[in-house]
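Take a look at the letters that make up each chain.
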Amino acid sequence: MGVWVQAGSTALICCVCVNMAAMFMWPSSTLTLFQSGYTPLHRPLTEAEANMLGSLSSLGALISTPFTGMMLDRLGRKNISLLIGVIGVISWSMISLSNRVEVVLSAIFLSGLSGSVFLVVPVYISEICQTSIRGTMTSCSMVFYGVGMLVSYLMGGYMNYYPMVYTCLTMAVASTLFITVLKETPVCLMAKGLNEEAAKSLAFYRGLKPESKEVLEELSIIQRSLSPDLDCAEVTPEEQKLNPADRKHQKLSVIQFLNKSRSTRKALFVCVTILTLSIFQGSVVVQVYAGPLFSAAIPSVSSTLCSVVVAVVTVLTGLVSAYLTEVAGRRPLMIHSSTLSGLCCILLGTQIQLGWAPSWVTALFIFVFTATYSLGSGMVPYVLFAEVFLPEVKSFMSMLTVEWAWFCNYVILLIFNPLLKVVGLGPIFYIFAVICFVTSVFCMLEQPETKGLHCEDIQHLFDKKSSKARRIEGSA
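Since this is a predicted model, take the numbers as computed values, not measurements.

Student: Help me understand the overall build of the protein in this model?
Tutor: The number of helices and strands found in the protein is 23 helices and 0 strands. Within the protein, buried positions represent 54% of all 476 residues. Of the roughly 20,200 Å² of accessible surface on the protein, a fraction of 67% belongs to carbon and sulfur atoms.

Student: Looking at this model, I keep getting lost on the packing of helix 3 (residues 77–97) against helix 4 (residues 101–112). Mind explaining?
Tutor: Where helix 3 meets helix 4, the closest approach of the two axes is 9 Å, and the angle between their N-to-C directions is 165°. Viewed along their axes, helix 3 and helix 4 adopt a mutual orientation that is roughly antiparallel. As helix 3 runs across helix 4, the sense of the crossing is left-handed. Contact residues: Ile87, Ile90, Ser91, Met94 and Ile95 in helix 3; Val103, Ser106, Ala107, Leu110 and Ser111 in helix 4.

Student: Looking at this model, I keep getting lost on the packing of aromatic side chains. Mind explaining?
Tutor: Geometrically, a pair of aromatic rings is defined through the distance of the ring centres and the angle of the planes. According to the stated counting rule, one finds 17 aromatic pairs in the structure shown. Ring centres of phenylalanine 429 and phenylalanine 432 lie 5.5 Å apart, and the angle between their planes is 90°; on these two criteria the pair is classed as edge-to-face. Separated by 3 residues within a single helix, phenylalanine 429 and phenylalanine 432 lie in helix 21 (residues 425–446), roughly one turn from each other. Neither phenylalanine 429 nor phenylalanine 432 differs from the other in exposure class; each is buried.

Student: Hey, could you run me through the side chain of threonine 314 in this one?
Tutor: Along the polypeptide, threonine 314 turns up in helix 16 (residues 303–327). Once residues lying within four places of it in the same chain are set aside, the contact partners of threonine 314 are Gly146, Thr370 and Ser374.

Student: Which parts of the structure should I look at to understand helix 21?
Tutor: Every α-helical turn comprises 3.6 residues, leaving residues that sit three or four positions apart pointing alike. Look at helix 21: 32 Å from first C-alpha to last across 22 residues, which is about the 32 Å you get at 1.5 Å a residue. Listed in full, the buried residues belonging to helix 21 are Gly426, Ile428, Phe429, Phe432, Ala433, Ile435, Cys436, Thr439, Ser440, Phe442 and Cys443.

Student: I keep staring at the confidence of the model for the protein and nothing clicks. Help me out?
Tutor: Low-confidence regions, as indicated by low pLDDT, have predicted coordinates that should not be scrutinised in detail. Looking at the protein as a whole, the pLDDT averages 85, with 89% of positions reaching at least 70. Under a pLDDT of 50 for its full length, residues 231–248 has, in the predicted model, 18 contacts with residues more than four places off or in other chains.

Student: I'm lost on helix 7 (residues 161–180) in this one. Help?
Tutor: The terminal C-alpha atoms of helix 7 lie 30 Å apart, and with 20 residues this matches the ideal 28 Å at 1.5 Å per residue to within 8%. Among all positions in helix 7, only Tyr161, Met164, Val165, Cys168, Leu169, Ala172, Ser175, Thr176 and Ile179 are buried. All buried residues of helix 7 lie within an arc of 135° about the axis, which places them on one face of the element. The exposed set on the far side of helix 7, more than 90 degrees from its buried face, consists of Thr170 and Leu177.

Student: Would you mind going over the environment of tyrosine 430 with me for this structure?
Tutor: Tracing the backbone shows tyrosine 430 in helix 21. For tyrosine 430, a relative accessible area of 27% corresponds to the partly exposed category. Considered as a pair, tyrosine 430 and cysteine 344 are 86 residues apart in the sequence and their alpha carbons are 9.9 Å apart. If near-sequence neighbours (up to four positions away) are discounted, tyrosine 430 is found in contact with Ile346, Gly349, Thr350 and Gln353.

Student: Looking at this structure, I do not really get the pattern of salt bridges. What am I missing?
Tutor: For side chains of opposite charge, pairing can occur when their charged atoms come near one another. Counted under the stated rule, the structure contains 13 salt bridges. With its nearest N and O atoms 2.7 Å apart, the salt bridge here joins aspartate 73 to arginine 77. Among the ionic contacts, a cluster of salt bridges with common partners joins Arg43, Glu49, Arg100 and Glu102.

Student: Sorry if this is basic, but what is going on with the environment of threonine 264 here?
Tutor: Secondary-structure assignment places threonine 264 in helix 13 (residues 262–279). Exposure remark for threonine 264: the relative accessible area of 0% places this residue in the buried category. As a C-alpha pair, threonine 264 and methionine 397 span 133 residues in sequence and 9.2 Å in three-dimensional space. Setting aside chain neighbours within four positions, we find threonine 264 in contact with Phe257, Leu258, Phe389, Val393, Met397 and Gln459.

Student: I'm lost on a nonpolar patch on the surface in this one. Help?
Tutor: Taken together, Trp404, Phe407, Tyr410, Leu414 and Ile415 make up a surface patch of nonpolar side chains, about 500 Å² in accessible area. For leucine 414, the position within the fold is in helix 20 (residues 391–423).

Student: Help me understand the nonpolar core in this model?
Tutor: The nonpolar side chains of soluble globular proteins are, as a tendency, buried together. Formed by 97 residues in total, the largest nonpolar core has its most connected members in Ile13, Val121, Val388 and Phe389. Domain assignment of the residues forming this core places at least three in each of domain 1 (1–182) and domain 2 (261–469). Of all hydrophobic cores here, the second largest spans 23 residues; its members include Phe34, Leu41, Ile95 and Ala172.

What counts, and where the lines are drawn
- Residues numbered from 1 in each chain as written.
- Predicted model: local features only at pLDDT ≥ 70, side-chain atom pairs only at ≥ 80, totals over all residues.
- Heavy atoms only, no water.
- Helix = DSSP H or I, 4+ residues; strand = E, 2+ residues; numbered from the N terminus.
- Buried < 20%, exposed > 50% of the residue type's maximum accessible area, 1.4 Å probe, protein only.
- Areas by Shrake-Rupley, 256 points an atom, 1.4 Å probe, with all protein chains shown as cover.
- Axes fitted to C-alpha atoms, helices over the stretch in contact; angles between N-to-C directions.
- Parallel < 35°, antiparallel > 145°, perpendicular 65-115°, else oblique.
- Left-handed = near helix turned anticlockwise from the far one by under 90°.
- Contact = heavy atoms within 4.5 Å.
- Phe/Tyr/Trp six-rings, centres within 6.5 Å; stacked < 30°, edge-to-face > 60°.
- Expected span 1.5 Å × (residues − 1).
- pLDDT = per-residue confidence, 0-100.
- Arc of directions from axis to C-beta.
- Salt bridge = Lys/Arg side-chain N within 4 Å of Asp/Glu carboxyl O.
- Patch = residues over 30% accessible without salt bridge, like charges linked within 9 Å, V, L, I, M, F, W, Y side chains within 5 Å.
- Core = buried A, V, L, I, M, F, W, Y, C linked by side-chain atoms within 4.5 Å.
- Domains from an automatic or database assignment.

Right, dumping it as structure tokens:
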């Protein structure tokens, strides 16, 4: 029963990911219309306004993510999620009620503030789900984002302007209402000292009574993670009894915590490095510039249909990845996915540069690359940052990671066109291939396996000097 409650709650909270993806992909289906003489706006977009239409949402996400990270512990995961849902409702309401260019651009910027969903939703899911399904459930945030892409492509290709807007507004209202039935996470409640409410929340998500043995044991684990003994794995129980005053937990600032916790510093380094390498593997470039590639490869098929196929591939491989995250583990997925993506980039680059096969093979390689990337590098980094940090610094560290991800996406899209003019499209995929192989090697050397482990145990894995880390690795 508890697993079904957790799965259902995950689906409800992930609906905001669908809405965010629909809004972020919306300009791709409306840009040509807005620039034409048949625009539903009060005038066609200028060239500068057309560029803003696609970039304002990313700017909003860059601004909102630090704010969300600072307020995540104060306001709570549920309230922040509700705020993100309300932002979506306001954005679509503005678009549905006004046809002025300035209002539409303002709504796009406002919708970008919901980009912090990549910070809130994985953290929320990781804190309500038991360890046996945590990876699979956390992966759902990216799966639902893929669903949002698919919905946006389908509506943009086969629906008129206003029916699409009203449909998206209805989806935004529904997803916001879904969040109201959820409970705040036990970790967040215990961090505020609301132990009784935390017990009720945990019991709700486990399908048990608050006073049950299982709930009390898990609450004890959460309490230990909230009051960690930083990098003191070598201290024996006898030493703890002889020096009880030294073992008293003190509230530390984030900077003090980082200075004192060797394992947290290592976890941040690993998460940021893996996320950076994953983004620079080039999937975002393939998504953004898939249209021209498909038009050149298979001109007889509409680019809308090809974009839909890319979204379908993303969703299906995302579902497979969500399952394999718990079955095979995070580390093998990253290693094998990055290796396969590198090989695919080499084949795609040579095909673009040399044309050694029929043109439809280019489209096939794009689909295969999308699948291999989504299988590991497009999913696992977002699972990692949600599970490796202790609750005391999880909000701040997750905020740093997500903010860096938005920055990396901006950089790769910024440098792509200049690089394309200098070296050409084929050699760019050779660069992506090198990054894919570097990712695979880095994960083999530095990424620990976190499948089925509590946060406290995961932290020990990032401290190679800890004897407990060796015991955990030995039992894995």
